[in-house]
Number of protein chains: 2
Amino acid sequence: MDASWLDAPRWNADGLVPAIAQDALTGRVLTLAWMNREALAATVSSGYAHYWSRSRGALWRKGEASSHVQKVREVRLDCDDDAILLLVEQAGGIACHTGRERCFYKRLDDGQWRETDPVLADPEVIYGRP
Amino acid sequence: MDASWLDAPRWNADGLVPAIAQDALTGRVLTLAWMNREALAATVSSGYAHYWSRSRGALWRKGEASSHVQKVREVRLDCDDDAILLLVEQAGGIACHTGRERCFYKRLDDGQWRETDPVLADPEVIYGRP
């Protein structure tokens with residue numbers, strides 16, 4: 001798992017860097033999540049996006065509960081080595097846990113954050129009722 | 001300058017959230033930078049991207065030195081209110097301080113980060129010689 005390319009990102013004090021996922025087909029920016037070294041290694045070795053869940057404190061295979069996995073086409077690093085960009089194929093066309101295509105569904109409009117994107121699937125259906 | 005929409009982002013312990021800039025014309029993800037409350041307010045009031053420079057500890061009007069300003073078409077917030085997405089018109093077609101279109105010019109390729117994007121303008125010309 002360990003390799004020198006994993007040393008290139010400037011992991012922050014918590015061992016993380018922000019990782020943007022962009023839909024390779026539509027060009028939409030879907031999500032911003034966080035990766036640690038283990039998540040980046042798992043992403044590259046499996047070909048599917050893995051992140052570090054800051055709220056759960058755990059490695060998180062995107063789509064493990066929803067089946068909305070992200071197949072990774074490209075992994076990119078920025079000039080300062082402190083941000084990652086993934087180009088992905090988004091399974092189901094839904095990246096957001098609210099059942100929307102993308103997490104960035106609120107637009108600032110005359111001093112108000114307005115929801116611009118429809119809910120494509122009920123989260124209770126995606127994740128199952130408790 | 002103060003308004004309730006500025007309370008929506010969940011500013012982190014340093015008062016910051018990550019802000020992605022995406023080219024509204026090409027769809028390319030250009031940069032990931034950081035905003036504080038003041039930067040977001042200045043972005044919206046001026047119509048041009050402002051960030052907080054963590055290295056300089058100062059408000060930073062993108063393009064103030066390079067003239068490569070980012071005219072903002074849309075400001076978006078994600079589901080968890082902890083990341084911002086700007087859709088921008090990138091002046092000069094150059095967002096990166098290295099003289100490239102975008103900061104994400106390194107792609108992981110067989111265990112190596114390879115530079116895939118050309119330098120469009122010499123940084124010494126962009127920023128002037130000392």
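Residues numbered from 1 in each chain as written. Chains lettered and ligands numbered in written order. Predicted model: local features only at pLDDT ≥ 70, side-chain atom pairs only at ≥ 80, totals over all residues. Heavy atoms only, no water.

A. Main features of the interface of chain A and chain B. Each partner contributes to the interface: chain A provides 38 residues, whereas chain B provides 38 residues. For the pair chain A and chain B, the number of links is four salt bridges. Across the salt bridge formed by Arg54(A) and Asp82(B), the nearest N and O atoms sit 3.3 Å from each other. Here chain A and chain B share 20 residue pairs in polar contact (both at pLDDT 80 or more) between them. Looking at the side of chain A that touches chain B, the elements that each hand over two or more residues are β1 (17-23), β2 (29-35), α1 (37-46), β5 (70-77), β6 (84-90) and β7 (106-109) of chain A. (Contact = heavy atoms within 4.5 Å. Salt bridge = Lys/Arg side-chain N within 4 Å of Asp/Glu carboxyl O. Polar contact = N/O pair within 3.5 Å; in protein donor to acceptor, adjacent residues only side chain to side chain. Helix = DSSP H or I, 4+ residues; strand = E, 2+ residues; numbered from the N terminus.)

B. Molecular detail of the side chain of Thr98(B). Mapping Thr98(B) onto the fold places it in the loop between β6 (84-90) and β7 (106-109). With a relative accessible area of 15%, Thr98(B) lands in the buried category. For Thr98(B), the side chain forms a polar contact with the side chain of Arg100(B), separated by 3.0 Å. Among residues more than four places away in sequence, those in contact with Thr98(B) are Cys79(A), Tyr105(B), Val119(B), Ala121(B) and Pro123(B). (Buried < 20%, exposed > 50% of the residue type's maximum accessible area, 1.4 Å probe, protein only.)

C. Quick peek at the relation of the copies chain A and chain B. With an RMSD of 0.0 Å, the fit of chain A onto chain B corresponds to turning through 180 degrees and sliding 0.0 Å along the axis. Seen this way, the second copy is the image of the first under a two-fold rotation axis. In terms of C-alpha distance to the rotation axis, chain A has Gly27(A) as its closest residue, with the C-alpha 2.9 Å off the axis. Interface residue correspondence from chain A to chain B reaches 100%, placing this contact among same-surface, isologous pairings. (Least-squares fit on C-alpha atoms with pLDDT ≥ 70 in both.)

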